[in-house]
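This is what each chain is made of:
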Amino acid sequence: MGKDRDVVRLERESVIPVMKPKLIMKLAYLIEHGNDREEFLKLCKRVEYTIRAWYHLQFDDMMELYALFDPVQGAKKLQQQNFSSEEIDTLEQNFLTYFFQVMEKSNFNILSDDEVELAHSGQYLLNLPIKVDEAKVNVHSLQNAAPYPKLLDFSAITFFVVCWCS
């Protein structure tokens, strides 16, 4: 009688379900000496600033490169710069490298075949159309830049193109 529902199992994220300031303060109070406690708090700030700086620099570099491949204005910008095809390939590879690094550090995962199949079936609460214009997929760039061997599977290309074009 009941309708079988497709279920996608999601991995639990590796997180500490505690607010960062609370965790830092609890750890700091475990340190007996006031000077050591202050040094610990400075270290925590430095670590946080280093992580933020890395994301900021990666994002800025990635967006500069994306501007060259932006579907609306990118072709014009590439033409103005007079890049050779080898230089364009290198820039595209650099963009994809930055993109995958930021995605990995941000805990994004490539969709599995089951997840894509479920998305295409429309059996989920948020019904967003997923369409791929395969003529626009640059398989050569994906082969060279992809840190994931299955990226060239259709499901992975679907994920990549949906993210790229969104």
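*Asks:* I'd like a description of the overall build of the protein chain, backed by residues and values.
*Replies:* Looking only at helices and strands, one finds seven helices and zero strands in the protein chain. The linear arrangement of helices and strands in the protein chain, starting from the amino end, is α-α-α-α-α-α-α. Put simply, the protein chain has 166 residues, and 22% of those count as buried. Relative to all contacts within the protein chain whose residues are 6 or more apart in sequence, the contacts with residues 24 or more apart total 64%. Summed over all atoms, the accessible surface of the protein chain reaches about 13,100 Å², with 55% contributed by carbon and sulfur.

*Asks:* Residue-level account of helix H4 (residues 85-105), with values.
*Replies:* With 21 residues, H4 ought to run about 30 Å at 1.5 Å a step, and its terminal C-alpha atoms sit 30 Å apart, in line with that. All buried positions along H4 are accounted for by Leu91, Glu92, Gln93, Phe95, Leu96, Phe99, Phe100, Val102 and Met103. Downstream of H4 by a residue or two, asparagine 107 has a phi angle that is positive, lying close to 65°.

*Asks:* Before we move on, could you go through the packing of aromatic side chains and cite the residues and values that matter?
*Replies:* Scanning the entire structure with this criterion turns up four aromatic pairs. Centre to centre, the rings of tryptophan 54 and tyrosine 55 are 5.1 Å apart; their planes meet at 85°, and the pair counts as edge-to-face. Each ring, one from phenylalanine 99 and one from phenylalanine 100, has its centre 5.7 Å from the other, and the planes form 65°; the classification is edge-to-face. Ring-pair connections join several aromatic residues into one group, and the members of that group are Tyr66, Phe95, Phe99 and Phe100.

*Asks:* Account for the pattern of salt bridges, with residues named and values stated.
*Replies:* In the structure shown here, the tally under the stated rule is three salt bridges. Of the charged contacts in the structure, one is a salt bridge between arginine 52 and glutamate 48, with a shortest N-O distance of 2.8 Å. Here the residue arginine 52 and the residue glutamate 48 both occupy positions in helix H2 (residues 34-69), the gap between them amounting to four residues, near one helical turn. Among the residues examined, arginine 52 registers a relative accessible area of 52% and is labelled exposed.

*Asks:* How would you explain the nonpolar core if you had to name every residue and give the values?
*Replies:* Met62, Leu65, Leu68, Phe69, Leu78, Leu91, Phe95, Leu96, Phe99, Phe100 and Met103 form the largest nonpolar core, which has eleven residues in total. Secondary structure elements with two or more residues in this core: H2 and H4. In terms of residue count, the dominant contributor to this core is H4 (six residues).

*Asks:* Can you tell me about the side chain of glutamine 58, naming the residues and giving the values?
*Replies:* Summarising the element assignment, glutamine 58 is placed in helix H2. In this view, glutamine 58 contacts Tyr98, Gln101 and Val102; residues no more than four positions away in its chain are not counted.

*Asks:* Outline a nonpolar patch on the surface, listing residues and values.
*Replies:* Among the surface-exposed residues, Val18, Leu23, Leu27 and Leu30 lie close enough to one another that they form a single nonpolar patch of about 340 Å² accessible area. Along the chain, leucine 23 falls in helix H1 (residues 20-29). We classify leucine 23 as partly exposed; its relative accessible area is 32%.

*Asks:* Quick rundown of the packing of H2 against helix H3 (residues 74-81)? Include the residues and the values.
*Replies:* At a closest axis distance of 5 Å, the pairing of H2 and H3 adopts a crossing angle of 95°. Overall, the two elements H2 and H3 adopt an arrangement that is roughly perpendicular. Each of Ala67, Leu68 and Phe69 in H2 lies in contact with H3, whose residues at this interface are Gly74, Ala75, Lys77 and Leu78. In terms of residue class, the contact of H2 with H3 is made up of five nonpolar, one polar and one charged.

*Asks:* Tell me what's going on with the packing of H2 against H4, and back it up with residues and numbers.
*Replies:* At their nearest, the axes of H2 and H4 sit 9 Å apart, and the two run at 140° to each other. Regarding the angle of H2 to H4, the classification is oblique. The handedness of the crossing between H2 and H4 is left-handed. From H2, Trp54, Tyr55, Gln58, Asp61, Met62, Leu65, Tyr66, Leu68 and Phe69 reach across to H4, where they touch Ile88, Leu91, Glu92, Asn94, Phe95, Tyr98, Phe99, Gln101, Val102 and Lys105. In the contact of H2 with H4, the residues fall into 13 nonpolar, three polar and three charged.

So, how was this worked out
- Residues numbered from 1 in each chain as written.
- Predicted model: local features only at pLDDT ≥ 70, side-chain atom pairs only at ≥ 80, totals over all residues.
- Heavy atoms only, no water.
- Helix = DSSP H or I, 4+ residues; strand = E, 2+ residues; numbered from the N terminus.
- Buried < 20%, exposed > 50% of the residue type's maximum accessible area, 1.4 Å probe, protein only.
- Contact = heavy atoms within 4.5 Å.
- Areas by Shrake-Rupley, 256 points an atom, 1.4 Å probe, with all protein chains shown as cover.
- Expected span 1.5 Å × (residues − 1).
- Phe/Tyr/Trp six-rings, centres within 6.5 Å; stacked < 30°, edge-to-face > 60°.
- Salt bridge = Lys/Arg side-chain N within 4 Å of Asp/Glu carboxyl O.
- Core = buried A, V, L, I, M, F, W, Y, C linked by side-chain atoms within 4.5 Å.
- Patch = residues over 30% accessible without salt bridge, like charges linked within 9 Å, V, L, I, M, F, W, Y side chains within 5 Å.
- Axes fitted to C-alpha atoms, helices over the stretch in contact; angles between N-to-C directions.
- Parallel < 35°, antiparallel > 145°, perpendicular 65-115°, else oblique.
- Nonpolar A, V, L, I, M, F, W, Y, C, P; charged D, E, K, R; others polar.
- Left-handed = near helix turned anticlockwise from the far one by under 90°.

Any link to function would need more than the numbers given here.
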